[in-house]
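What the coordinates show
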Amino acid sequence: MKKLLSHPYFNIADQNIFRVLLFFAAVVFSGCSAKKQDAKVRETVLLTEGWKFFNGQNDNAYLKSFDDLAWETVTVPHDWAIKGPFDKKWDMQKVAIVQNGEKEATEKTGRTGALPHIGTGWYRKTFKLPEFKEDKKALLVFEGAMSEPEVYLNGKKVGEWAYGYSYFYIDITKDLLVGEENTLAVKLTNKEYSSRWYPGAGLFRKVSVVVKNRESFDQWGTFITTPLITSDKATVNIKSEVTGSGVVMVTKILDAIGKEIATLTSEDKKGKLFEQNIMVPNPQLWSPETPYLYTAVTQLYLGKTLKDEVHTKFGIREIKYEPQKGFSLNGKVTKFKGVCLHHDLGPLGAAVNKSAMRRQLTILKDLGCNAIRSSHNMPSFEQLELADEMGFMFLAESFDEWAKPKVENGYHRFFEEYAEKDIVNLVRATRNHPSIVMWSSGNEVPDQYGAEGITRAKFLQDVFHREDPTRPVTVGMDQVKQTMQSGFGALLDVPGLNYRVHLYEDAYKAFPQGFILGSETASTVSSRGIYKFPVVQAKEKQYEDLQCSSYDLGACSWSNVPDEDFVLQDDKPWVIGEFVWTGFDYLGEPTPYDERWPSRSSYFGISDLAGLPKDRFYLYRSRWNTKDETLHILPHWNWDGREGQTTPVFVYTNYDSAELFINGKSMGVQKRSNATPQNRYRLMWMDVKYEPGTVKVVAFDKSGKPVAEKEIKTAGKPHKIVLDPDRKSLTANGEDISFITASVVDKNGVLCPTATNQLNFKVSGAGTYRAACNGDATSTEMFHLNTMKLFSGKLVVLVQLAKEAGNIQLEVTGDGLETATVKLISKK
């Protein structure tokens, strides 16, 4: 293993207690124009509109003189594969999934989403930089490019990278044409057998050019921590790497409303490094409950001339990981109530959209979730900004492979050359985010076996420590017995167990850290609104309709139902929390139907691919959301043909007991008990016989007093469409999206839970139809077409706003249904 690069910040004083506070250097971007902090010192130009795209090989597309007029015009971020069509031929993998315990290779038709992401794509864009002069410096910044980008400027190759999820930048100062049009060309290559899920394809994250003076702050060179926090003051430590001699650094600290509360000027630097310690009085601490953000305005002067200025948001908070006690935030023991998230955004594919991410996090807030794991790759900057702002702790992951392969053309091809560089860029670009409380160097890597794996684990962990001495490092381990015997798990700052609930006690005793993290838990499978009989707990259960039962008792051969994790989280103080697989369904990995077409997306989500909550959402909410009432009944009550048959009723609630009524007749009172994990966390009436009508539940407080009730009713025939937007007032920026839930109700307004009507969508005014999604993992209807079937009575329509302010109207129609419209308004 190669020697670590040296770094001036490397100083791990205590690997048992990690303290910190931070955020990421955030020069704010906009349009294909620029937002300027100071037009004379720094300009960041987002390259968004006017890109030309071609899907295919072309040997001359890098040339400045190449004619791309016939190519498709696209906006970046862009995912070239999301418009499909769905087809099992795309990246059909004949493999044995070792992580699932498979020993023989079989055909996996939907493993990577059954979308056409394989192949070569070319992007070209011309741009001018009026602010660029010969005494300036220019960096071309990519926040993600799927995959293996080769970058050309004015016909010359100026750089390349390997990992599609990694952030990287290229110094293009010597290659820019001053006062002329520049031509940027990017070649991307996605190989088959390179992913285990849908990776997307293209320039799926932002591309920008940073123009600044030669005397300036280095890219991602500022690191903000808070090493000392008391109730009346906090010390803010700022380390900034700069280029230029004879310069002076001035820092101003602003509070959340922009008021200056502290300032410091420094003239002495060691080599390239300035270091400052600034006292902030009466600090407001960052937490999921109070996500308070400060801003550090760092300025660089040469004499009296301002040469550079960067605004960096950060938070003040302290984290600790202690044996037997677990994880503490700001002195309070805190359990991770977390979810794992893949990077795709359902019908939007992999292309980053901040309003879609904000919607996801809003849903997770209601769930009671307080933490997110970016699985299994670097998170987007937008996701971290929202986590800081909205209050989510973050486990930032890096790799799904090290040097040993899971898939034929995976990251193992790049590990030796790129692993350290990828981690350096991940940490430096994101280490100032207060939301990040832990790093992950890998997920279920085959390198868990053998001495080489231990060497690699130590190497990667040392890189993280060198770049950021303030946070611990974990690995999601699935081969727990092997890691207990080999010493792999003992090496890690935080031992992360993926599933293996039966080994938690053994791992706790074997590992020296004194705590265990559920780095990946549950993997329960369900389809929204689908219920199967008889109701039994089962693994790898399959049905002819390729759906999974929402009684939430189905799991995979290697996974478990949520209640088993709840017991460990509640009863073992040394279990510091969990990250559930997954918060939302995602494209690809349609377990347990990996081998059965047309399943093409996951069943693991607490919410479905459209972002609509499954029943399981309310099971987690009843335990995680301690502020709001949860009282949820399942299944639906439309069972034509099941009259008189046993149809169990479950209630997910944060109350300890409840009474169930069917058409006014009591089915008895159920109370939580420790008889089984399910009895501890669910109220279940297993012997209910179905009869159409009304199901009512009355919940009781601890004294036995009725305090809440809920009803569901048998619906009649579908009658009309109902529209419910997540937001009606939006921003006219060309990117904002309203997510509108369309459902069908009967003439009495009762939801029709089995409706599958075909709906049609029309948008008029200052917006456009973007996509629709119904959450059905077997649907091959394309998201971007303006028609789709309901699934379990619902779907979601996405309306994207134009840049011009105005009114927008969505009209939804369906044969035999009363039409619905909803009006939105966009403002500048």
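Located above this text is the structure these notes cover.
Residues numbered from 1 in each chain as written. Predicted model: local features only at pLDDT ≥ 70, side-chain atom pairs only at ≥ 80, totals over all residues. Heavy atoms only, no water.

Along the protein, the regular secondary structure elements total 10 helices and 49 strands. By the compact-globule yardstick of 28 Å for 828 residues, the protein fits well, its C-alpha radius of gyration being 27 Å. The buried share of the protein, reckoned over its 828 residues, is 62%. In the protein, once contacts between residues fewer than 6 apart in sequence are set aside, the share between residues at least 24 apart is 71%. In the form shown here, the protein has an accessible surface area of approximately 30500 Å², with 48% of it arising from carbon and sulfur atoms. Charged side chains of the protein number 103 positive and 103 negative; the gap between the two group centres comes to 3 Å. (Helix = DSSP H or I, 4+ residues; strand = E, 2+ residues; numbered from the N terminus. Rg over C-alpha atoms; globule rule 2.2 N^0.38 Å. Buried < 20%, exposed > 50% of the residue type's maximum accessible area, 1.4 Å probe, protein only. Contact = heavy atoms within 4.5 Å. Areas by Shrake-Rupley, 256 points an atom, 1.4 Å probe, with all protein chains shown as cover. Lys, Arg positive; Asp, Glu negative; His and termini not counted. Charge placed at Lys NZ, Arg CZ, Asp CG, Glu CD.)

With respect to burial, helix H9 (residues 615-624) is a largely interior element, nine of its 10 residues being buried. Residues of H9 that are buried include every one of Asp615, Arg616, Phe617, Leu619, Tyr620, Arg621, Ser622, Arg623 and Trp624, and no others.

Inspection of the secondary structure assignment puts Leu306 in strand S20 (residues 305-314). For the pair Leu306 and Lys40, spaced 266 residues apart in sequence, the C-alpha separation works out to 8.6 Å.

Two elements in contact, helix H1 (residues 354-367) and helix H2 (residues 381-390), have axes whose closest approach is 10 Å; the angle formed by their N-to-C orientations is 40 degrees. Judged by the angle between their axes, H1 and H2 are oblique. H2 is crossed by H1, and the crossing has right-handed handedness. Across from Lys354, Met357, Arg358, Leu361, Thr362 and Lys365 in H1, the residues of H2 making contact are Glu382, Gln383, Glu385, Leu386, Ala387, Glu389 and Met390. Considered class by class, the residues forming the contact of H1 with H2 number five nonpolar, two polar and six charged. (Axes fitted to C-alpha atoms, helices over the stretch in contact; angles between N-to-C directions. Parallel < 35°, antiparallel > 145°, perpendicular 65-115°, else oblique. Left-handed = near helix turned anticlockwise from the far one by under 90°. Nonpolar A, V, L, I, M, F, W, Y, C, P; charged D, E, K, R; others polar.)

Now for the packing of helix H8 (residues 562-571) against H9. It is at 12 Å that the axes of H8 and H9 come closest, and there the two elements cross at 10 degrees. Overall, the two elements H8 and H9 adopt an arrangement that is roughly parallel. The residues of H9 that touch H8, namely those facing Pro562, Asp563, Phe566, Gln569 and Asp570, are Arg616, Leu619, Tyr620 and Arg623. Considering only residue class, the contact of H8 with H9 consists of four nonpolar, one polar and four charged.

Here the focus is the sheet that holds strand S43 (residues 737-745). If you walk across this open sheet you meet the four strands as S41-S43-S47-S45, and the pairing is antiparallel. Edge strands, defined here as strands with exactly one partner in the open sheet, are strand S41 (720-725) and strand S45 (767-773). The sheet shows a mean angle of 30 degrees between the axes of neighbouring strands, direction not considered. Examined bridge by bridge, S43 and strand S47 (residues 794-801) share seven bridges and lie antiparallel to one another. Note on S47: the bridge partner recorded for Ile740 is Val797. (Pairing = 2+ DSSP bridges.)

This part takes up the layout of surface pockets. Here the second largest pocket is characterised by a volume of approximately 1100 Å³. For the second largest pocket, the lining is made up of 45 residues, of which Leu612, Pro613, Tyr618, Leu751 and Lys794 are closest to its centre. Sorting the residues of the lining of the second largest pocket by element identifies H1, H9, strand S34 (631-634), strand S40 (706-713), S41 and S43 as the ones contributing at least two each. No other element matches H1, which puts six residues into the lining of the second largest pocket. Among the residues forming the lining of the second largest pocket, the class breakdown is 19 nonpolar, 11 polar and 15 charged. (1 Å grid on protein atoms, 1.4 Å probe; cavity = no way out; pocket = protein on both sides within 12 Å on 5 of 7 lines; lining within 4 Å. Points joined across faces, edges and corners; volume = space filled by probe spheres on them.)

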